[in-house]
Every structure is written in structure tokens, then in C-alpha cells.
Amino acid sequence: MNLAADMDHPTAGGVVIQGLQKSYRVGGRSFEALQEISLTVASRSFTSLVGPSGCGKSTLLRILCDLEAFDGGRVEIDGCPPHLLRQRHAIGLALQDPALLPWRTVRRNISLPLELARERVSSAVVDELIALVELEHFADARPAQLSGGMRQRVAIARALISNPQLLLLDEPFGALDEMTRQRLNLELLRIWTERPTTTVLVTHSMQEAVFLADQVVVMSGRPGTILAVRSVDLPRPRTVSVLRSPEFHAICDELLEKLFSGGTRAQPVEETVG
Ligand code: ADP
Ligand code: MG
């Protein structure tokens, strides 16, 4: 983390959520998707969000990037409401489906958000991001020529093109095989270390959550609430050796216990983590 920058602007890019409420109307009835969510995400820190399927993780991310309205409480990013950040293109988002445009090259997929915002595209900045996600040899390839992991790296580079104050990742590696996931976790860690951005990652892997994060948030469903917020004080830079350390496993076990004790209400067991 860039501590010097943090001291200059202690809240720059940080997220404050207080008493957040969100209900959806389904078939004329209202149901509470998020209940009293309060959470602080420090500037340039990495937060992982885990919880059972349907507990409101994606809803929370969509509220943060102003794709969804909320009913009560306070949400501030760098002291501003989400819509202001969205107007400034200050939020980067990458989802499970990389949603690349098949007729555009890697380079032109990455620059798309700037083009849509009618902002100048600096080819040097695009090149820098392509290098950051290590796709130099594929800059002019089209998505069909890339592996699933490479497409996800394009999506992450695209999320970073506007130099966001907040990076939101909703199960970005969820559709990939385990080996690719592990490699991309290391990649993500390297990318984040090179460009420390306030990041919130939704994942269904507790190992991934703990390995990457400064804090892990465990949610439970129906209605979506926060069960636990655990800071992860494993030393950085984190290497694969962290994955073998007893401290790492102790944190994973502690959080899995919380997840399973609180996240199984009205859920079939196989649906518990997701
Ligand atoms: P998660 O990402 O944790 O799986 P979601 O945020 O997608 O959970 O969903 C939380 C709950 O809200 C679920 O019960 C889901 O069915 C419901 N939900 C999500 N989006 C909508 C929507 N647009 N309209 C109605 N219900 C929704
Ligand atoms: Mg989701």
C-alpha cells in the first residue's frame, strides 16, 4: 500500500457504508435484500466479500457503482455518493462474464470505457495496462483468440482504464478452472500491488478471499447482513508460501466456521457458498 499517499488523503478513495437498506419488489411483494449493512473500506485497501448465494453481495456492489438505488442508510466513496463517482468514471467494474465485444481487439476493448465517455484515449496508457495484465503479444487479438483467463485479464485492464478510485470485482474468476483461478489470483495480487486501488472483490472461495485481502467480510442471507469483518494481517507481499502457512489456514478456518454457522438459514447445503 502507498502509505505516504494515504497520509496525505486519509479518506481518498475509501468507502463508508452505514445502515444500508435495500429491498426488492417481486410479484407485488417487497423483500429485504440488504439489512443494516455497515462497513468501512480503507483507501487503497483490498476487501473480500464472501457469503451464501443470494445474500446480496452483487446487490451491494451494484449499489456501490450506482447501478442500483438503495432505500436507506448512507453510502460514500471518497466522501461522495456513488452517482458522483459514476459520473466521473471513477469506478471500475469487472464481472464473472468478461463481456468483451467480440469484434474489437484487446486494445480496443480496454479503451472502450474511455471512448464511451468521449474521453481521449492515450495509447501509452492502454499499452501500460496491456503490459500490466501481461497481454503484450495479444494486443491486437480478438476475444475469440484468447483463453478464459486472458479474457478476464482484459476485463480487469478495461476496469482500470479510467484510473478508478474504486475497483469492484464480482466473482471475476468464478467461471474459470481451479488452476487458472489460482494463477489469476497471483496476477491480481501483483496488479493490485503495482497499482494500489481501493478494491472490493466478491468471491466464493474463502482461500482466495483471505489470500488477497486486508479484510474479509462474511455475509449471511435472508435478509443480507454482515456476520463478521475480519482483518487479515498476513504480511505483504504475499507469495504462494502464505498459502501453506498455519496462520493463513487458521484465518480461513475461523471464517468458514462463521460462514457455515450463520449462512445456512433456509439454504440447501450445496448452495451455501456462492
Ligand atoms: P449474491 O450476489 O450474494 O448471490 P444478489 O445480490 O444477486 O446475491 O441477490 C440478493 C437477493 O436479491 C437474491 O434473493 C436475489 O434473488 C434478489 N435479487 C437480486 N437482484 C434482484 C432484482 N433486480 N429484482 C428482484 N430481486 C433481486
Ligand atoms: Mg452475485
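What counts and how
Residues numbered from 1 in each chain as written. Chains lettered and ligands numbered in written order. Predicted model: local features only at pLDDT ≥ 70, side-chain atom pairs only at ≥ 80, totals over all residues. Heavy atoms only, no water. Helix = DSSP H or I, 4+ residues; strand = E, 2+ residues; numbered from the N terminus. Rg over C-alpha atoms; globule rule 2.2 N^0.38 Å. Buried < 20%, exposed > 50% of the residue type's maximum accessible area, 1.4 Å probe, protein only. Contact = heavy atoms within 4.5 Å. Areas by Shrake-Rupley, 256 points an atom, 1.4 Å probe, with all protein chains shown as cover. Lys, Arg positive; Asp, Glu negative; His and termini not counted. Charge placed at Lys NZ, Arg CZ, Asp CG, Glu CD. Near = heavy atom within 4 Å. Polar contact = N/O pair within 3.5 Å; in protein donor to acceptor, adjacent residues only side chain to side chain. Nonpolar A, V, L, I, M, F, W, Y, C, P; charged D, E, K, R; others polar. 1 Å grid on protein atoms, 1.4 Å probe; cavity = no way out; pocket = protein on both sides within 12 Å on 5 of 7 lines; lining within 4 Å. Points joined across faces, edges and corners; volume = space filled by probe spheres on them. Pairing = 2+ DSSP bridges. Axes fitted to C-alpha atoms, helices over the stretch in contact; angles between N-to-C directions. Core = buried A, V, L, I, M, F, W, Y, C linked by side-chain atoms within 4.5 Å.

**Student:** Would you mind going over the overall build of the chain in detail, with residue names and values included?
**Tutor:** When you go through the chain residue by residue, the secondary structure sums to eleven helices and nine strands. Here the C-alpha atoms of the chain give a radius of gyration of 18 Å, agreeing with the 19 Å that 2.2 N^0.38 yields for 274 residues. Here the chain holds 274 residues, and the buried ones make up 50% of them. In the chain, once contacts between residues fewer than 6 apart in sequence are set aside, the share between residues at least 24 apart is 70%. A total accessible area of about 12900 Å² is found for the chain, and carbon and sulfur atoms account for 53% of it. Of the charged side chains in the chain, 29 are positive and 32 negative; the average position of the first set lies 5 Å away from that of the second.

**Student:** Can you break down the site of ligand 1 residue by residue, with the values?
**Tutor:** The environment of ligand 1 is formed by Y24, V26, F31, P52, S53, G54, C55, G56, K57, S58, T59 and R62. Within the backbone of C55, an N or O atom sits 3.2 Å from an oxygen atom of ligand 1. One of the side-chain N or O atoms of R62 is found 3.3 Å from a nitrogen atom in ligand 1. In isolation ligand 1 exposes 560 Å². Once the protein is present, 65% of that is buried. In terms of residue count, helix α2 (residues 57-64) provides more of the shell around ligand 1 than any other element does, four residues in total. Counted by class, the shell around ligand 1 contains five nonpolar, five polar and two charged residues.

**Student:** Got a sec to walk through empty space enclosed by the protein? Specific residues and values, please.
**Tutor:** The final tally for this structure, using the stated rule, is one cavity of 30 Å³ or more. The calculated volume of the largest cavity comes to roughly 40 Å³. Every residue along the wall of the largest cavity is listed here: L160, L167, L188, I191, W192, R195, T197 and T199. With three residues, helix α8 (residues 178-194) is the largest single contributor of residues to the lining of the largest cavity. In terms of residue class, the lining of the largest cavity is built from five nonpolar, two polar and one charged.

**Student:** Give me the sheet that holds strand β5 (residues 91-95): which residues, what numbers.
**Tutor:** Taken together, the six strands give an open sheet; going across it, the order is β5-β6-β7-β3-β8-β9, and neighbouring strands pair in mixed fashion. Whereas interior strands pair on both sides, the edge strands pair on one side only; in this sheet they are β5 and β9 (225-231). Looking at each pair of strands side by side, their axes are set apart by 15° on average, direction ignored. Summarising the sheet, strand β6 (residues 166-170) and strand β7 (residues 198-202) pair through five bridges and their orientation is parallel.

**Student:** Any details on the sheet that holds strand β2 (residues 29-41)? Residues and values, ideally.
**Tutor:** Strand order in the open sheet formed by three strands is β2-β1-β4, and the pairing between neighbours is antiparallel. A strand with exactly one partner marks an edge of an open sheet, and here the two such strands are β2 and β4 (72-77). Each adjacent strand pair in this sheet contributes to an overall mean axis angle of 30°, direction not counted. Inspection of the sheet shows strand β1 (residues 15-26) paired to β2 by nine bridges, in the antiparallel sense. What sits directly across from K22, in β2, is L34.

**Student:** Describe the nonpolar core, listing the residues and the values that go with them.
**Tutor:** In terms of nonpolar packing, the biggest core is built from 51 residues, with I110, M206, V210, V216 and V218 touching the most fellow members. Here the element with the most residues in this core is helix α7 (residues 148-160); it accounts for seven residues. Ignoring anything within four residues of it in the chain, the contact list for M206 reads V50, V216, V218, C252, L255, L256 and L259.

**Student:** Give me the lowdown on the environment of V216, citing residues and values where you can.
**Tutor:** With respect to the element layout, V216 can be found in strand β8 (residues 215-220). With relative accessibility at 0%, the residue V216 sits in the buried group. As a C-alpha pair, V216 and V200 span 16 residues in sequence and 9.6 Å in three-dimensional space. Setting aside chain neighbours within four positions, we find V216 in contact with S48, V50, M206, A209, V210, A228, V229, R230, V232 and L255.

**Student:** Can you break down the side chain of S111 residue by residue, with the values?
**Tutor:** Among the structural elements, S111 can be located in the loop between α4 (106-110) and α5 (112-116). Ignoring any residue separated from it by four or fewer positions in sequence, one finds S111 in contact with R104, V121 and V126.

Spatial relationships are all this shows, so hold off on functional conclusions.
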